[in-house]
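Geometric and topological summary
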Number of protein chains: 2
Amino acid sequence: MQIILLSGGSGKRLWPLSNEVRSKQFLKLLPTATDKKESMLQRVVRQIHQSNIDCSITVAAGASQKGLILNQLEKDVNIVEEPERRGTFPAIALSSAYLSLVGKCDRDEVVVVLPCDTFTVAQYYNVISEMGEAAKSDDLDLVLMGVCPNCYSTKFGYIIPEKQSNYQSNILKVQSFTEKPDHDRAKQLVESGAFWNGGVFAFKLGHIIDLLKKYVDFNTFDELVANYSKLPKISFDYEVVEKAKSIGMIPFSGLWKDLGTWKTMTEELSEDPIGNVIEGENVNNTHIINELSIPIFCSDTNNLIVAASPDGILVADKNSSEQVKGYMNKITARPMYEERLWGVYKVIDYIKFPNGYQALTKQICIKAGSHISYQIHHHRDEVWTIINGKGLLVLDGETREVKCGDVIHIKREQFHAIKGITDLYFIEVQSGDELIEEDIERYDWNWEK
Amino acid sequence: MQIILLSGGSGKRLWPLSNEVRSKQFLKLLPTATDKKESMLQRVVRQIHQSNIDCSITVAAGASQKGLILNQLEKDVNIVEEPERRGTFPAIALSSAYLSLVGKCDRDEVVVVLPCDTFTVAQYYNVISEMGEAAKSDDLDLVLMGVCPNCYSTKFGYIIPEKQSNYQSNILKVQSFTEKPDHDRAKQLVESGAFWNGGVFAFKLGHIIDLLKKYVDFNTFDELVANYSKLPKISFDYEVVEKAKSIGMIPFSGLWKDLGTWKTMTEELSEDPIGNVIEGENVNNTHIINELSIPIFCSDTNNLIVAASPDGILVADKNSSEQVKGYMNKITARPMYEERLWGVYKVIDYIKFPNGYQALTKQICIKAGSHISYQIHHHRDEVWTIINGKGLLVLDGETREVKCGDVIHIKREQFHAIKGITDLYFIEVQSGDELIEEDIERYDWNWEK
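Small disclaimer: the values here were computed from a predicted structure and weren't measured.

Moving on, we come to the interface of chain B and chain A. Facing the 54 residues of chain B at the interface are 54 residues of chain A. Between chain B and chain A, the buried area comes to about 4600 Å², and carbon and sulfur atoms account for 66% of it. Area buried by chain B at its contact with chain A is led by B:Phe297, B:Ile313 and B:Val315, which between them contribute 15% of it. The interface formed by chain B and chain A holds two salt bridges in total. Residue A:Asp349 pairs with B:Lys346 through a salt bridge whose shortest N-O separation is 4.0 Å. Where chain B packs against chain A, one counts 18 residue pairs in polar contact (both at pLDDT 80 or more). Looking at the side of chain B that touches chain A, the element that brings in the most residues is strand β20 (residues 312-317) of chain B, giving six residues. The class makeup of the residues in the side of chain B that touches chain A is 32 nonpolar, 14 polar and eight charged.

This is how it looks when you write it as structure tokens:
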């Protein structure tokens, strides 16, 4: 069995910890049995392993997420990078093609697709396993998970099973769907035995490959990648589920939550503050998360979320924390913290002068053995002051070792790259007329020579 | 008439905006008739000028405050730097000696001493003027301000006037003092007609000079400065007020407040947030002050103070904000923002590695025409990347012009100084085993040669 995890986009409602590259599934906030915190992605992968499902895991992700995923999961999973974000059908189809062409999976191999940001319990993975078994049947195009509703939610799609449809033991046959109903309709649906659509899909690999071939003709995975933009921007629900002839559903009735807001997220966190936090008296039902190095002091607060990162500071009643999403356009857009394949950076200062000149300062860590690409910038100089570790610098084709205390001045149009021999820390001061991440031209460099 | 303003020490209860060098009187938060904010110190000096009292103003201040005071008051005032902080008697005596020896004031010149952090109204300065007049009398050693109490405060000293003592028009004769009484005694005092001691003292210059000569023999002001440590560490109240034979008091009954806590401070501020702040819905009776460049978003908060500076972030109910003082020992001590005579710096990053090596990054601005002292460090290298403006660099005795884009690498034990030709901005990366402000040896440099 193959599992595809869908790694979704930005989680603006968890600002300032999430931003356009660090989505909610990557936030290492969830308590574990040890002192270490884990992310939603790490939790889902751990739960899959603990469920003893015999499967490989493939994560379908945006290109900017690859570093984060590898940092969090090491070599546990395959990663299929979407060349661009076009919705869940192209993403699932691309991963399916990867499994078929690169993974050499058979047309009859069963695939289960699930979101990587569902907060749930072990029983969920038993249902996943049952779904995989059910999808082997030639009678069903598709098997879905039906989550037993515990309220009349208007936020979910509903699955309406055929009456008395027990097709096989625990499998119901699906009659129809209703997208996000109003409250009265939701009440009616729940009372008549409908389920929430859990966004989990099981199918045989060949079924999706056939659908995909309608849009693009390809013989290799790289060919499909090159033609990715020809696929329709459409969700798996519209393209596959609604057109399926025969759909099964297996109910799941355990804890099942979207930790997409600070309200729902903090319900699952321990009360202990995270980071450099000092609590005074009467700090009640308040969650404080501090990713900055400066301290946060709180006293006499109630039901608050206080969260600080290089992107900003949030202070809100937990019930109102969703509001922040509506104000994101007023909040400066560039991410101030990014975890990349080669390490991490955070922006520690930015200043724009009246004469238009700008300076942006970053603290950068390159992991031992990793490197940034060989590159030039057209609009900025960079000054690197190495503050810890050793590295290999390439500057205009010349390679030399650099270490703590060294200073490297890279003028615009100079070719440069750096690799960590040990974990390598430096302060980068960018200055110029235009300081954007996009001012970068990448070239090949052979690190072996 | 001479006015001496006492510039007190740290205001820990206004953390994180105040720190050990930036005391509360320097925080530019108070609303004015224009868009500009002013500090308590600026407000007091403005009010003195507007009162048309014919006087010179001398500020008695700690050495580290001189830059701040000059930046805020320009050349409006004399500044007497205390060689060390030894309490109000030595500070007032030193300023008195300055007026006598440097200012060439007569022994009969009247001096009025007042705190620079009282938040009050114009009428206060009328009383100051009356106190100056009253102090001219040879019958009185000292004239005090008696503030009419509006509650049974246990936080103030009380002045008990002689019954039916109208000595001269509005001047009462003082019978005795009671330091911070308990609530019952305070009630008794207020009901029997006692006043709060306003901490304002008027006297003839010769009176204090005579008291000072008991401790130190000096002929020049510099001689007194050199012997400052011989003066007792004692308050003016104990050394002068309690020993005075004949004390007058003039009542004052207008607005008179110590803005020493966020609770009292925010009562006088406008509701508008200060700095990079985005308010969502239901931000009620909440004051948000942000000195960081990253945004603060607040929603659904009530009666909160949210204050952020390079020193840290405070989130507290206004009524509990005083608590922070008791937790100061848990909060990292070094100031992360300082306004100096030559300009300002803020610490934008600090990291200590497991191998003990440290790096501290500052954004520094040196004002046009100002310079830092010629100096060396024993424990750190510094890398300066100039990000705006032009300056004159001295490195090991060699002078050269530097400008935006230049990088200067200063190794430990190298002599260096820099002067702004224009306003000069640079990023400084310090690295070494010990990064403290005290690792500095200053030398003379003749900028004219």
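Okay, back to it.
The next thing to look at is the pairing of strand β5 (residues 78-82) of chain A. Residue and element names in this part refer to chain A. Here strand β4 (residues 56-62) pairs with β5 via five bridges, running parallel. Considered in β5, the bridge of Ala-61 is made with Glu-81. Considered for its hand, the β-α-β crossover made up of β4, helix α2 (residues 66-73) and β5 is right-handed.

Once that is clear, we can look at the state of the cysteines. Summed over all chains, the structure comprises zero disulfides over all chains. The cysteine A:Cys298 is free of any disulfide, with B:Cys298 supplying the nearest cysteine sulfur at 11 Å. For B:Cys404, which is in no disulfide, the shortest distance to another cysteine sulfur is to B:Cys365 and amounts to 13 Å. Since its relative accessible area comes to 24%, B:Cys404 is described here as partly exposed.

Residue and element names in this part refer to chain B. Per the stated rule, a full pass over the model turns up 30 aromatic pairs over all chains. Ring centres of Tyr-98 and Phe-221 lie 5.3 Å apart, and the angle between their planes is 75°; this geometry places the pair in the edge-to-face category. Of this pair, Tyr-98 sits in helix α3 (residues 88-101) while Phe-221 sits in helix α7 (residues 221-226); the two residues are 123 residues apart in sequence, bridging distant segments of the chain. The class for Tyr-98 is buried, based on a relative accessible area of 17%. Overall, the relative accessible area of 14% leaves Phe-221 in the buried class.

Residues and elements named next belong to chain A. Across the sheet, which stays open at both edges, the six strands sit in the order β21-β22-β23-β30-β25-β28 with antiparallel pairing between neighbours. Pairing within the sheet leaves two strands with one partner each, and these edge strands are β21 (337-340) and β28 (407-410). Shown here is a sheet whose adjacent strand axes are inclined to one another by a mean of 20°, direction ignored. Bridge analysis of strand β25 (residues 380-388) against strand β30 (residues 424-432) gives eight bridges, and the strand direction is antiparallel. Opposite Arg-380, over in β30, you have Gly-432 as the bridge partner.

Turning to the side chain of B:Ser39, a few remarks are in order. Note on placement: B:Ser39 falls in the loop between β3 (37-38) and α1 (40-50). A distance of 2.7 Å separates a polar atom in the side chain of B:Ser39 from a polar atom in the side chain of B:Gln72.

So, about a negative patch on the surface. The grouping of A:Glu20, A:Asp433, A:Glu434 and A:Glu438 at the surface amounts to a negative patch. Inspection of the secondary structure assignment puts A:Asp433 in the loop between β30 and β31 (441-443).

With that settled, the discussion passes to the environment of A:Ile418. All names here are of chain A. With respect to the helices and strands, the residue Ile-418 is situated in strand β29 (residues 416-420). For Ile-418, a relative accessible area of 0% corresponds to the buried category. The spacing of Ile-418 and Arg-400 is 18 residues in sequence and 9.7 Å in space, taken between C-alpha atoms. Not counting the four nearest positions on each side in its chain, Ile-418 is found in contact with Ile-366, Ser-370, His-371, Ile-372, Trp-384, Ile-386, Leu-392, Leu-393, Val-402, Leu-424, Phe-426 and Trp-447.

As a further point, take helix α4 (residues 122-134) of chain A. Residues and elements named next belong to chain A. Across its 13 residues, α4 extends 19 Å between first and last C-alpha, which sits within 8% of the 18 Å expected from 1.5 Å per residue. Along α4, the residues classified as buried are Tyr-124, Tyr-125, Val-127, Ile-128, Met-131, Gly-132 and Ala-134. Buried residues of α4, seen end-on, are gathered within an arc of 170° and therefore sit on one face of the element.

Before going further, it helps to spend a moment on unusual backbone geometry. Of note, the bond from A:Trp15 into A:Pro16 is cis; its omega dihedral lies within 30 degrees of zero at 5°. Structurally, A:Pro16 is set in the loop between β1 (2-6) and β2 (30-31). Even without a glycine there, the phi angle at B:Asn303 is positive, about 60°. Note on placement: B:Asn303 falls in the loop between β18 (301-302) and β19 (304-309). For B:Asn303, a relative accessible area of 17% translates into the label buried. At B:Glu413, a residue that is not glycine, the phi angle is positive and equals roughly 75°. Relative to the helices and strands, B:Glu413 is located in the loop between β28 (407-410) and β29 (416-420). Given a relative accessible area of 41%, B:Glu413 falls into the partly exposed group.

With an RMSD of 0.1 Å, the fit of chain B onto chain A corresponds to turning through 180° and sliding 0.0 Å along the axis. The two molecules are tied by a two-fold rotation axis, judged by turn and shift. When C-alpha positions in chain B are compared against the rotation axis, the closest is assigned to B:Ile348, at 2.9 Å. Interface residue correspondence from chain B to chain A reaches 100%, placing this contact among same-surface, isologous pairings.

We now examine the pairing of β4(A). Residue and element names in this part refer to chain A. The element β4 is largely enclosed, with a buried count of six among its seven residues. Where β1 lies against β4, five bridges are found, and the strand directions are parallel. Within β4, the residue paired with Gln-2 across the bridge is Ser-56.

Attention shifts here to the nonpolar core. In terms of nonpolar packing, the biggest core is built from 62 residues, with A:Ile313, A:Val315, A:Ile418, B:Ile313, B:Val315 and B:Ile418 touching the most fellow members. Apart from the residues lying within four places of it in its own chain, the contact partners of A:Ile313 are A:Trp15, A:Pro16, A:Ala307, A:Ala308, B:Leu292, B:Ile294, B:Pro295, B:Ile296, B:Phe297, B:Ala308 and B:Ile313.

Residues and elements named next belong to chain B. Most of α1 sits inside the fold, with eight of its 11 residues counted as buried. Here α1 has its buried residues at Met-40, Leu-41, Gln-42, Arg-43, Val-44, Val-45, Gln-47 and Ile-48. Count one or two residues on from α1 and you reach Asn-52, which has phi positive near 60°.

Turning our attention to the packing of α3(B) against helix α6 (residues 205-213) of chain B. Pairs of packed helices are described in terms of their axes, by the angle between the two and the distance that separates them. Residue and element names in this part refer to chain B. Running from N to C, α3 and α6 cross one another at 115°; their axes reach a closest spacing of 9 Å. In the packing of α3 onto α6, the handedness of the crossing is left-handed. Contacts from Ala-93, Ser-96, Ala-97, Leu-99 and Ser-100 in α3 reach Leu-205, Ile-208, Ile-209 and Leu-212 in α6.

A word on the sheet that holds strand β17 (residues 296-299) of chain A. The strands making up a sheet are joined through hydrogen bonds of the backbone, oriented either antiparallel or parallel. One open sheet accounts for five strands, arranged β14(A)-β17(A)-β20(B)-β19(B)-β16(B); its pairing is mixed. Strand pairing shows two members of the sheet lacking a second neighbour, β14 (277-279) of chain A together with β16 (287-290) of chain B, which therefore form its edges. Going from strand to strand, the sheet's axes swing by 10° on average, the running direction of each strand aside. The pairing of β14(A) with β17(A) spans three bridges and is classified as parallel. By the bridge assignment for β17(A), A:Val277 is matched with A:Ile296.

Conventions we followed
- Each chain has its residues counted from 1, running along the sequence as written.
- Chain A is the first chain written and ligand 1 is the first ligand written, with later ones labelled in order.
- Reporting of local features is limited, given that this is a predicted model, to residues whose pLDDT is at least 70; pairs of side-chain atoms are given and counted only at 80 or more, and all residues count toward the totals for whole chains, interfaces and linings.
- With hydrogens and water excluded, all non-hydrogen atoms of the structure serve as input to the side-chain values.
- Residue contacts are counted whenever heavy atoms from the two residues lie within 4.5 Å of one another.
- Joining two parts hides part of their accessible area as seen by a 1.4 Å probe, and the buried area is that hidden amount summed over both.
- We define a salt bridge as a side-chain nitrogen of Lys or Arg found within 4 Å of a carboxyl oxygen belonging to Asp or Glu.
- Polar contact is the term for a pair of N or O atoms within 3.5 Å; when the atoms are in protein, one must be able to donate a hydrogen and the other to accept it, and sequence-neighboring residues count only if both atoms are side-chain atoms.
- A run of DSSP states H or I qualifies as a helix once it reaches four residues; a run of E qualifies as a strand once it reaches two. Both are numbered from the N-terminal end.
- Amino acids are sorted into nonpolar (Ala, Val, Leu, Ile, Met, Phe, Trp, Tyr, Cys and Pro), charged (Asp, Glu, Lys and Arg) and polar (every other residue, Gly among them).
- Only strands that DSSP links by at least two bridges are regarded as paired with each other.
- Throughout, right-handed denotes a crossover for which the path from the first strand over the helix to the second runs clockwise when the strands point away from the viewer.
- Whenever a pair of cysteine sulfur atoms sits within 2.5 Å, that pair is classed as a disulfide.
- Throughout this description, buried means an accessible area under 20% of the type-specific maximum (1.4 Å probe, protein chains only), exposed means over 50%, and partly exposed covers the range between.
- For Phe, Tyr and Trp, where Trp contributes only its six-membered ring, two rings pair if their centres lie within 6.5 Å, and the inter-plane angle classes them as stacked under 30 degrees, edge-to-face over 60, or tilted in between.
- Note on definitions: angles span 0 to 180 degrees between N-to-C directions of axes, and those axes are lines fitted to C-alpha atoms, for helices only across the stretch in contact.
- Like-charged residues are merged into a patch within 9 Å and nonpolar side chains (Val, Leu, Ile, Met, Phe, Trp, Tyr) within 5 Å, provided each residue has over 30% relative accessible area and no salt bridge.
- Only the protein chains shown count as covering a residue, and every accessible area follows the Shrake-Rupley method with a 1.4 Å probe.
- Counted charges follow a simple rule, with Lys and Arg positive, Asp and Glu negative, and His plus the chain ends left uncounted.
- All charge positions are set by atom: Lys at NZ, Arg at CZ, Asp at CG, Glu at CD.
- Each residue after the first adds 1.5 Å to the expected span of a helix.
- Directions drawn from the helix axis to the C-beta atoms are what define this arc.
- Residues reaching a pLDDT of at least 70 in both copies supply the C-alpha atoms on which the copies are superposed by least squares.
- Nonpolar cores are built from buried Ala, Val, Leu, Ile, Met, Phe, Trp, Tyr and Cys residues. Side-chain atoms within 4.5 Å join them into one set.
- Crossing handedness is read from the near helix: turned anticlockwise from the far helix by less than a right angle, it gives a left-handed crossing, and turned clockwise, a right-handed one.

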